[in-house]
Amino acid sequence: MKATQATTYRMLGSRLDDISRQLEDMRLMGTTNKKLNRPSDNPSAVGPVFNIRQQLAHVDRYVDTMGKSLDTMQATDSHLDHVENIMQQAKEIVTNALNGALNEEDRTVLADSLANLRKELLATANSSINGRYLFAGYQENTVPFAENPAYDPLLFNADDSSTWPYLYQGDAHATTLEITPGETIPINLTGSNLFFGTTSWDPADPTQNATEPGRYNLFVTLTRAEEAIRANSSDDMQAGLADLEGAAQQNRQLRAQLGNRAARVETAMAHQEETRVDLQQILSRYEDADIFETFTAIMEQETALQAALSITSKVSQLSILNYL
Amino acid sequence: MTSLLNALNAGKTSLLTNQKSIEVVGTNIANINTAGYSRQRADLSDVPALNFGDFFIGQGVAVTSVSRDYNLFINQQLQSKSIEYGEETGKSNSLAELERVFNIGKDNLATQINEFFDAWRELTTNPNGQVERDIVIQRGQFLGDAFQGITTELDTIQQNMNTEIAAEIDGLNEKIAEVARLNERISMVEVAGQSANAARDQRDVLLNELSEALGVQSYTDNRGMVNLLLPGGMPLVQGNMASTITTVSNGTDVHLQLQVAGSTLEVFPENLGGKMKGMFTIRDEFIAGLRQDLNTLARDFTEAINTEHRSGYGSDGVSGRDFFLDMATLGPNDVPSRNVRVVLTDGSQVAAAGNPAAAPGDNEAALRIAQLETGHKVAGTKDTFDSFYSTIVATVGIEAARNRLALSGARDATVQLQNLRDGYSGVSLEEEMIDLIQFQRGFESSAKFLATVDEMISTLLELKR
């Protein structure tokens, strides 16, 4: 087969085309530092890349959510610490009151200080963070606890929340957040659970609300202890002391639960941070160009282009026409 | 004396023949850059010898014909490769556009889907937040815009293709008519016993171009006329009769018809080959498939969100509201991917709450909606919204990558075949130069021969003096 002028120039042209095109692709890779610039660069990477990007977006969101959850949990924990103190002080006061050497005036002082503790407990139960009440369940805009103006110790009925010394205006829903894909966790305690010792709450029908067996209504415990001191009933004071201890225990239990959950959130958060690094690495494997590889390849192609250009310029000099 | 005059005559034929051969060489050199030109050669043969006594003595040389170097097999190969090359070319422009629309950068539909669900996740942390509620609505609108954006881009690509098809057809009709005219000329020239080399070369070039554009099939009849057919068998050129392709616009759609001898035939994509087939395949099958997938996604997505949303409660306590326009209410001509629209008008209507009390901290419905992102599978698939979309993008990527490979393969193959054709039919300057020297020498030596015979005649004439 003979080589014609057209063959020679066609081959040179097509080769120059190929090299220039490849060089163009590599330059794009070099300037974007990405080897995945369009779907056809690696169609099988499209799915993983989208998926990883989605997961990375999730990680950011989860870390953010968990940060907010931890804020709430830490704030709640310091309030529970305060409740613990209140119950401790209340026990000390009742123990004091049980001491027979006290006169009525002394007892009134003690009962008054219990009344103060009750107000402190109310303030704690009504604490808020960013304008949202911590212990109101979903009713975060409503002050959860209020003194019951209709309270009458003689009419007190444990099975009718409308006769209790304090009324609850929140609900029984703890806030749940998604902290990792598919895992949701309650991030707070409801007022009814923590202060009234019940996980269910029907705001419409007070006779449906009762403290669960073995659990305590912290406000009632304090109120009853105070009443026992005022009435100087040592039996009631004894019972009140036991109840106060039980109530403190209930507070400690829930605090421990919350602490466990906070620990879970913290490990989950650390895990998400690690996941982020892993995901970024995987993403980089799919997307990012190896800078050394790219530049070596660019230099190779440039050399090839130079060779092709120099050959093109020499081709025209080699002809029988130059010898005739 | 007779023989000397014969020799003189033989010398004359040699002079003329070499001169003719040099002219042919000249034509070859002149056409060195003419596309499709086949190298020509003067076919020489000695003039039949006459009997002089006991000997047969030749009477010189004659050019019997000017033939061209031509290989039917290579030319047919080139034609069929051109069909393949044309088909991939027809796809490549649109695929490059589609790769831009379905890009893998950070700004695509998948990102918008992520952002939409992220807004719901943010809402779960503060279900009463007016800002968070507004962001959910806004993200829903952005997502709808992204769906609409892609759909519009697909429309634009199809419109551009229609324009290109219409423009291309005009040029093709010219070429089809030209083939018929060349057929006529070739048959007229060749019936007179000559060879119509130039016309055949020109016709071959047109044949290649028509193969690349339409995938035409061809056969040659006994008069040397080439007949062209579309791949489906519809006649484009019969002898000296040419058909005409017309483009018919139907709304935004363009299709082809063929005018053959007074009747009109519908040309379907399966009747086509080459570039036109490539373009129609992308337009009517590939892009149509993408649209269908987008519509599936749009329908499934809005339905899944609406179903959850209807079961939730807005901060105004109202339940049963759709978040997006219900696709079931669309008319038959409404495109779902164009109608992903948020129908809520106010942040308070966003159903974040799962309970009728719609308490400010109630985030149950928002949680459920946020979890659709990873938990929901698009109907009939195992794909989440995100992975369903990435499948669409991967489809574009696979087709574009395949096209790039096939295109460069077909291009290489046509280059190789053109080289092969050149090796057979092309003009090589070196070859022509050597021929030139050869015929020049032939011319010079016949001149010398004539001079010698002339001297001999002179010598004879001198005898008498």
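Quantities reported herein were computed from a predicted structural model and do not represent experimental measurements.

A.B. asks: Outline the overall build of chain B, listing residues and values.
C.D. replies: The number of helices and strands found in chain B is 9 helices and 11 strands. Computed over its C-alpha atoms, the radius of gyration of chain B comes to 38 Å, more than 25% above the 23 Å expected for a compact globule of 465 residues. With the C-alpha coordinates aligned to their principal axes, the bounding extent of chain B is approximately 145 × 45 × 30 Å. In chain B, of all internal contacts separated by at least 6 residues, the share reaching a separation of at least 24 is 68%. In the form shown here, chain B has an accessible surface area of approximately 21,100 Å², with 53% of it arising from carbon and sulfur atoms. Counting 38 positive and 61 negative side-chain charges, chain B places the averaged centre of each group 5 Å from the other.

A.B. asks: A description of the pattern of salt bridges should follow, citing residues and the corresponding values.
C.D. replies: Residues and elements named next belong to chain B. Within this structure, the stated rule accounts for 61 salt bridges over all chains. Of the charged contacts, one joins glutamate 209 and lysine 175 as a salt bridge, the two residues approaching to 3.1 Å between their closest N and O atoms. Of this pair, glutamate 209 sits in helix 5 (residues 197–214) while lysine 175 sits in helix 4 (residues 130–191), and the two are 34 residues apart along the sequence. According to the relative accessible area criterion, glutamate 209 is partly exposed, its value standing at 32%. On the accessibility criterion, lysine 175 (27% relative accessible area) is partly exposed.

A.B. asks: Describe the UniProt feature "domain: Flagellin C-terminal" (unreviewed entry) in chain A, listing the residues and the values that go with them.
C.D. replies: The UniProt entry lists residues 244–324 of chain A under the feature "domain: Flagellin C-terminal" (unreviewed entry), expressed in the numbering used here. For the annotated span residues 244–324 of chain A, helix accounts for 85% and strand for 0% of the residues, and the straight-line distance between the end C-alpha atoms is 121 Å.

A.B. asks: Could you give an account of unusual backbone geometry, with specific residues and numbers?
C.D. replies: Non-glycine residue asparagine 130 of chain A carries a positive phi angle of around 50°. Mapped onto the secondary structure, asparagine 130 of chain A falls in the loop between strand 1 (128–129) and strand 2 (132–133). Here asparagine 130 of chain A falls in the exposed class, since its relative accessible area comes to 73%. Even without being glycine, alanine 261 of chain B reaches a positive phi, approximately 40°. Residue placement: alanine 261 of chain B occurs in the loop between strand 10 (253–260) and strand 11 (263–267).

A.B. asks: So what's going on with the packing of aromatic side chains? Residues and values would help.
C.D. replies: One pass over the structure, following the stated rule, counts 26 aromatic pairs over all chains. An aromatic cluster of three or more residues is present, and its members are Phe135, Phe145, Trp164, Tyr166, Tyr168, Phe195, Phe196, Trp201 and Phe219 of chain A. Its guanidinium or amino end placed over the ring of tyrosine 70 of chain B, arginine 68 of chain B lies 4.0 Å from that ring's centre, counting from NZ or CZ.

A.B. asks: Summarise the UniProt feature "domain: Flagellin N-terminal" (unreviewed entry) in chain A; cite the residues concerned and give the values.
C.D. replies: In the UniProt entry, the feature "domain: Flagellin N-terminal" (unreviewed entry) is given for residues 18–139 of chain A. When the span residues 18–139 of chain A is considered, its composition is 76% helix and 3% strand, and the gap between its end C-alpha atoms is 69 Å.

A.B. asks: Talk me through the UniProt feature "domain: Flagellar basal-body/hook protein C-terminal" (unreviewed entry) in chain B; I want residue IDs and the actual numbers.
C.D. replies: Those places that UniProt annotates as "domain: Flagellar basal-body/hook protein C-terminal" (unreviewed entry) correspond, in this numbering, to residues 425–463 of chain B. Summarising residues 425–463 of chain B: 90% helix, 0% strand, and an end-to-end C-alpha distance of 55 Å.

A.B. asks: Tell me about the packing of helix 3 (residues 109–125) of chain B against helix 6 (residues 274–311) of chain B, and name the residues and values.
C.D. replies: All names here are of chain B. Contact geometry of helix 3 with helix 6 gives a least axis separation of 14 Å together with a crossing angle of 5°. Accordingly, the angle class assigned to the pair helix 3 and helix 6 is roughly parallel. Each of Leu109, Ile113, Phe116, Phe117 and Trp120 in helix 3 lies in contact with helix 6, whose residues at this interface are Leu294, Leu297, Phe301, Ile305 and His309. Its residues assigned to classes, the contact of helix 3 with helix 6 comprises 9 nonpolar, 1 polar and no charged.

What counts and what doesn't
Residues numbered from 1 in each chain as written. Chains lettered and ligands numbered in written order. Predicted model: local features only at pLDDT ≥ 70, side-chain atom pairs only at ≥ 80, totals over all residues. Heavy atoms only, no water. Helix = DSSP H or I, 4+ residues; strand = E, 2+ residues; numbered from the N terminus. Rg over C-alpha atoms; globule rule 2.2 N^0.38 Å. Contact = heavy atoms within 4.5 Å. Areas by Shrake-Rupley, 256 points an atom, 1.4 Å probe, with all protein chains shown as cover. Lys, Arg positive; Asp, Glu negative; His and termini not counted. Charge placed at Lys NZ, Arg CZ, Asp CG, Glu CD. Salt bridge = Lys/Arg side-chain N within 4 Å of Asp/Glu carboxyl O. Buried < 20%, exposed > 50% of the residue type's maximum accessible area, 1.4 Å probe, protein only. UniProt positions renumbered as here; feature names shortened; annotations may be inferred. Phe/Tyr/Trp six-rings, centres within 6.5 Å; stacked < 30°, edge-to-face > 60°. Lys NZ or Arg CZ within 6 Å of the ring centre and 35° of its normal. Axes fitted to C-alpha atoms, helices over the stretch in contact; angles between N-to-C directions. Parallel < 35°, antiparallel > 145°, perpendicular 65-115°, else oblique. Nonpolar A, V, L, I, M, F, W, Y, C, P; charged D, E, K, R; others polar.

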